[in-house]
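Structural overview
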Amino acid sequence: MRYIDSTRLRLPDEWLDRAAIASQAVTHGGDPNDHAAVWRELKDGLADLSNDKCWYCEVPVPRSDNAVDHFRPKGRVGDAAHEHNGYRWLAFERSNFRYACTFCNSRRKDVAGGTVGGKADRFPLLDEAQRVYVQGSLVGERPTLLDPCEFGDWRLLGCRQENGKPCAANNDAEQQERANLSIEIYHLHHEPTCKLRHSAAVQLLSDIEEAKSLFIATQSDAAQALSFKKAADRILKAIHSDSAFSGDMRFLLGGARDPDHSWVQNLLET
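Quick look at the structure, then. These figures come from a predicted structure and were not determined experimentally. (Residues numbered from 1 in each chain as written. Predicted model: local features only at pLDDT ≥ 70, side-chain atom pairs only at ≥ 80, totals over all residues. Heavy atoms only, no water.)

1. Let's talk about the overall build of the protein chain
For the protein chain, the helix and strand inventory stands at 9 helices and 6 strands. Principal axes of the C-alpha set define a box for the protein chain whose edges measure 75 × 40 × 35 Å. By the burial criterion, 45% of the 270 residues in the protein chain qualify as buried. For the protein chain, long-range pairs separated by at least 24 residues make up 65% of all intrachain contacts whose partners lie at least 6 apart in sequence. For the protein chain, the accessible surface area stands at approximately 13700 Å², while carbon and sulfur atoms represent 48% of it. Here the protein chain holds 34 positive side-chain charges and 40 negative ones, and the gap between their average locations is 2 Å. (Helix = DSSP H or I, 4+ residues; strand = E, 2+ residues; numbered from the N terminus. Buried < 20%, exposed > 50% of the residue type's maximum accessible area, 1.4 Å probe, protein only. Contact = heavy atoms within 4.5 Å. Areas by Shrake-Rupley, 256 points an atom, 1.4 Å probe, with all protein chains shown as cover. Lys, Arg positive; Asp, Glu negative; His and termini not counted. Charge placed at Lys NZ, Arg CZ, Asp CG, Glu CD.)

Printed below as a string of structure tokens:
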């Protein structure tokens, strides 16, 4: 996961007018899904913000296989303590849209990997007593799910270098709870995804090892500088926000910090 600045989304001509009309229809009892074409208009624009990657798992998927997810569900909310018909008033609010792949967005069971996940109607809160049931201020709601549109949330996720499985990035109890539940609900532990993530991790760790060796060599042989730069460039590309699993790769690179290799921190700050 990486931070996505959704305010950069460019809207089609007169989209706000169409959204207002659809929202008014829902206010008068209409079904949001009857106006799904309105939010689907934004799918390609949302994809552009992440280089065609799912905002939750960072896997690049053809746009036809991805969907516009409503972060706060527009229909039934499965985690609500009482019957909740959805945050219907946000059905056409662009700040509530997220670009999601099928495995993160839809409830799926991976029989081979033994995992179940997919956001569907899930939206747990850290304090369920603050749940909003009718249109009003959402300030009191504290989502448990990590949100790619909340600056800093993505830093709470990491991955295990030995197998590519996702993990919490620190030991704070609340942050661990959010990370672990997000891994389950977004199905980030989906085995085929873990295999892809592991392949990226193996390549990154190999590049880090090579770069460290070359960096030491440059201390006595200036001719190694070019080779070191090429290895560092590969690492920089892996952690760039346009690359698959870039958030996980930044987490792994962070674990390679070393007082003798200041270039690691320099890449993280680039």
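Okay, back to it.
2. As for the packing of aromatic side chains
In this structure the tally under the stated criterion is 9 aromatic pairs. For the ring pair tryptophan 39 and phenylalanine 92, a centre distance of 5.5 Å and an interplane angle of 35° mean the geometry is tilted. On the criterion of sequence distance, the pair formed by tryptophan 39 in helix α2 (residues 36-40) and phenylalanine 92 in the loop between β1 (66-70) and β2 (97-101) is long-range, its members being 53 residues apart. Each member of the pair, tryptophan 39 together with phenylalanine 92, is buried. Summarising the aromatic geometry, the rings of phenylalanine 215 and phenylalanine 228 are spaced 5.4 Å apart at their centres and angled 50° between planes, so their arrangement reads as tilted. Residue phenylalanine 215 is located in helix α6 (residues 191-218), and its partner phenylalanine 228 is located in helix α7 (residues 225-239); the two are separated by 13 residues in the primary sequence. Take phenylalanine 228: its relative accessible area is 15%, and that puts it in the buried class. In textbook terms, an aromatic cluster arises when at least three aromatic residues are bridged by ring pairs, as seen for Phe71, Tyr87, Trp89 and Phe123. (Phe/Tyr/Trp six-rings, centres within 6.5 Å; stacked < 30°, edge-to-face > 60°.)

3. Observations regarding the pattern of salt bridges
Within this structure, the stated rule accounts for 14 salt bridges. The residue glutamate 41 makes a salt bridge to arginine 18 at a minimum N-O spacing of 2.8 Å. A residue pair is termed long-range when its members are at least 10 positions apart, and glutamate 41 in the loop between α2 and α3 (43-48) and arginine 18 in helix α1 (residues 15-27) qualify at 23 residues. Judged by relative accessible area, glutamate 41 falls into the partly exposed class, the value being 34%. Residue glutamate 128 pairs with arginine 131 through a salt bridge whose shortest N-O separation is 2.8 Å. According to the relative accessible area criterion, arginine 131 is buried, its value standing at 6%. Each of Asp207, Glu210 and Arg234 takes part in a single network of salt bridges with overlapping partners. (Salt bridge = Lys/Arg side-chain N within 4 Å of Asp/Glu carboxyl O.)

4. Structural notes on the pairing of β1
Burial of β1 is extensive: 4 of the 5 residues sit out of reach of the surface. Relative to β2, β1 is paired through 5 bridges, and the arrangement is antiparallel. Pairing of histidine 70 across the sheet is with phenylalanine 97, part of β2. (Pairing = 2+ DSSP bridges.)

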